[in-house]
Amino acid sequence: MNVSLPVLDRVEAGDREEFREAVLAGLSRTPRAIPPKFLYDARGSELFDAICELPEYYLTRTETGILADCTPELARLAGPGCALVEFGSGSSVKTRLLLDAMPNLAAYVPIDISRHHLDATAARLRRDYPGLRVEPVCADYMALEALPADVNGAPRLGFFPGSTIGNLEPHEATAFLRRARTLLGDRGAMVLGVDLRKVPQRLHDAYNDSAGVTAAFTLNLLRRMNRELDATFDLARFAHDAFYNPLEGRIEIYFRSLAVQSVAVAGRIFTFAEGERVHTEYSYKYDDAGIAALAKSAGFTIDRTWTDPARLFAVVYLETAP
Ligand SMILES: C[S@@+](CC[C@H](N)C(=O)[O-])C[C@H]1O[C@@H](n2cnc3c(N)ncnc32)[C@H](O)[C@@H]1O
């Protein structure tokens, strides 16, 4: 009998296989590392939303304040009738500032890897913006080949807020922006949210909050491996480890083993030394020269940069270089 699975189930089976392969490869190499996109299962996305509310996590508040001030100008630069394409859209909260300032959008295309969160967000947006065409795409934005066909014809405005660009290593950030430039087309533009270099203590506090939400976000990856890959991580025997590396200009995040221990993952045994770290995420911090070099490396020119008075964060309007 030929039993065909519903589309969603087939996709999720594929997601799980990709997760299994990435984890087994990441734990088999030295130093160990698991790609950051796997932090965002449904619970990870909820925890990220909670991080955005933390007093120490100045990024969301600051970027939202900048956007609240600059959206009228941004809407004027983009012009009417464009399709807004958001990469790593999460809960699309800041996006609402753009949606409110740009009532004549051809469509809104939120792209995110976190399927359930994306579906729930799209449903909320359709309810709150009944006149808006919402076209969610569940995909890895590092590998996306095309946008939905029905946004063809409209100029495209990309949106990549949240300092998500900082999670990419410099060569990945260039590759991402080049891909985005192709997807957005010759008339396309891009709004980028970038966290700026600052006093290390401020950065350290943002990724080591006193309520332990960022730690829960990191350790949720172990929970996900236990649930999806039959792993046997004891969360009490691992810790979140985040610090600023001034030479590289980045926050580095790991989970660290608190003892010598062996853990089963997808039928294989991995032994961790006491103090051994497994890398989960970077968050690169940029200065003006770094932003300019990044834009240039991907064929964009910087049209406008907005910052908060303390210069904690920057929102940059990029246009495709002729
Ligand atoms: C740092 S959060 C930012 C969320 C939101 N844009 C904001 O500014 O608050 C990163 C978002 O990107 C998504 N994401 C991470 N890696 C991704 C990838 N490779 N492809 C697509 N989405 C990804 C996550 O699921 C998450 O929603």
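Definitions and limits used
Residues numbered from 1 in each chain as written. Predicted model: local features only at pLDDT ≥ 70, side-chain atom pairs only at ≥ 80, totals over all residues. Heavy atoms only, no water. Helix = DSSP H or I, 4+ residues; strand = E, 2+ residues; numbered from the N terminus. Rg over C-alpha atoms; globule rule 2.2 N^0.38 Å. Buried < 20%, exposed > 50% of the residue type's maximum accessible area, 1.4 Å probe, protein only. Expected span 1.5 Å × (residues − 1). Bend = angle between axes of the 7 residues up to and from the residue. Domains from an automatic or database assignment. Contact = heavy atoms within 4.5 Å. Polar contact = N/O pair within 3.5 Å; in protein donor to acceptor, adjacent residues only side chain to side chain. Nonpolar A, V, L, I, M, F, W, Y, C, P; charged D, E, K, R; others polar. Axes fitted to C-alpha atoms, helices over the stretch in contact; angles between N-to-C directions. Parallel < 35°, antiparallel > 145°, perpendicular 65-115°, else oblique. Left-handed = near helix turned anticlockwise from the far one by under 90°. Salt bridge = Lys/Arg side-chain N within 4 Å of Asp/Glu carboxyl O. Pairing = 2+ DSSP bridges. Near = heavy atom within 4 Å.

**Quick notes on the overall build of the chain**
- When helices and strands are tallied, the chain shows 9 helices and 12 strands.
- Against the 2.2 N^0.38 benchmark of 20 Å for 322 residues, the chain shows a C-alpha radius of gyration of 20 Å, consistent with a compact globule.
- Dimensions of the chain, computed from the C-alpha atoms along their principal axes, are close to 65 × 60 × 35 Å.
- Counting over 322 residues, the chain shows a buried share of 52%.

**A closer look at helix α8 (residues 213–228)**
- With 16 residues, α8 extends 22 Å from end C-alpha to end C-alpha; this agrees with the ideal 22 Å at 1.5 Å per step.
- Taken as a whole, α8 carries its principal kink of about 30 degrees at leucine 219.
- When we look at burial in α8, the residues that qualify are Val213, Thr214, Phe217, Thr218, Leu219, Asn220, Leu221, Leu222, Arg224, Met225 and Glu228.
- Directly beyond the C-terminal end of α8, a positive phi value near 50 degrees is found at aspartate 230.

**Looking at the domain arrangement of the chain**
- Considered domain by domain, the chain is made up of domain 1 (7–55 + 201–284) and domain 2 (58–198 + 287–320).
- On a C-alpha basis, the centres of domain 1 and domain 2 stand 26 Å from each other.
- Contact with domain 1, which involves 26 residues of that partner, is made by 21 residues of domain 2.
- Where domain 1 packs against domain 2, one counts 11 residue pairs in polar contact (both at pLDDT 80 or more).
- Looking at the side of domain 1 that touches domain 2, the elements with two or more residues in it are α1 (7–28), α2 (42–52), α7 (200–206) and β10 (277–284).
- Residue composition of the side of domain 1 that touches domain 2, by class: 14 nonpolar, 3 polar and 9 charged.

**Quick notes on the packing of α2 against α8**
- Taken N-terminus to C-terminus, the directions of α2 and α8 make an angle of 165 degrees; their axes are 9 Å apart at the nearest point. With respect to α8, the axis of α2 lies roughly antiparallel. Between α2 and α8 lies a crossing of left-handed hand. In this structure, α2 uses Arg43, Gly44, Leu47, Phe48, Ala50 and Ile51 to contact α8, whose residues at the interface are Val213, Thr214, Ala216, Phe217 and Asn220.
- Considering only residue class, the contact of α2 with α8 consists of 7 nonpolar, 3 polar and 1 charged.

**With respect to the environment of proline 80**
- In this fold, proline 80 is placed in the loop between α3 (58–78) and β1 (83–87).
- The exposure class assigned to proline 80 is exposed, which follows from its relative accessible area of 68%.

**Considering the pattern of salt bridges**
- Within the structure shown, the criterion is met by 22 salt bridges.
- Two residues, lysine 285 and aspartate 195, come together in a salt bridge whose shortest N-O distance is 2.7 Å. Taken together, the positions of lysine 285 in the loop between β10 and α9 (288–297) and aspartate 195 in strand β5 (residues 189–195) put the pair 90 residues apart, joining distant regions of the chain. Across the pair, aspartate 195 and lysine 285 agree in class, each one buried.
- A network of salt bridges, in which partner residues are shared, links Arg16, Asp41, Arg224, Arg227 and Glu228.

**Some thoughts on the sheet that holds β10**
- Across the sheet, which stays open at both edges, the 3 strands sit in the order β6-β7-β10 with antiparallel pairing between neighbours. If you trace the sheet from one side to the other, it starts and ends with β6 (238–245) and β10, each paired once. Along the sheet, successive strands turn relative to each other by an average axial angle of 20 degrees, direction set aside.
- Relative to β10, strand β7 (residues 250–257) runs antiparallel, the two sharing 7 bridges. Across the sheet, residue isoleucine 253 finds its bridge partner in β10, namely glutamate 281.

**Topic: the pairing of strand β8 (residues 261–265)**
- Within β8, 4 of the 5 residues are buried, which leaves the element mostly enclosed by the surrounding structure.
- What sits between the antiparallel neighbours β8 and strand β9 (residues 268–272) is a turn of 2 residues, in which alanine 266 has the positive phi angle 50 degrees.

**Points about the side chain of aspartate 41**
- On the secondary structure map, aspartate 41 appears in the loop between α1 and α2.
- On the basis of relative accessible area, aspartate 41 is assigned to the buried category, the value being 7%.
- Engagement of the side chain of aspartate 41 in a polar contact is seen with the side chain of arginine 227, the distance being 2.9 Å.
- Once residues lying within four places of it in the same chain are set aside, the contact partners of aspartate 41 are Ser114, Asn220, Arg224 and Arg227.

**Description of the site of the ligand**
- Taken together, 17 residues are adjacent to the ligand, and Gly88, Lys94, Asp112, Asp140 and Tyr141 come closest.
- For the ligand, an oxygen atom lies 2.6 Å from a polar atom in the side chain of lysine 94.
- In the environment of the ligand, a nitrogen atom lies 3.2 Å from a nitrogen or oxygen atom belonging to the backbone of isoleucine 113.
- Residues that form the shell around the ligand fall into these classes: 6 nonpolar, 6 polar and 5 charged.
- If you count residues domain by domain, the shell around the ligand takes at least three from each of domain 1 (7–55 + 201–284) and domain 2 (58–198 + 287–320).

**Regarding the sheet that holds strand β2 (residues 107–112)**
- Taken together, the 7 strands give an open sheet; going across it, the order is β3-β2-β1-β4-β5-β12-β11, and neighbouring strands pair in mixed fashion. Strands with a single pairing partner mark the edges of an open sheet, and in this sheet they are β3 (137–138) and β11 (300–307).
- When β1 meets β2, the two strands line up parallel, connected through 5 bridges. Paired with glutamate 86 across the strands is proline 110, a residue of β2.
- The strands touched by α9 within the sheet are β5, β11 and β12 (313–320), with β11 carrying the most contacts at an inclination of about 150 degrees.

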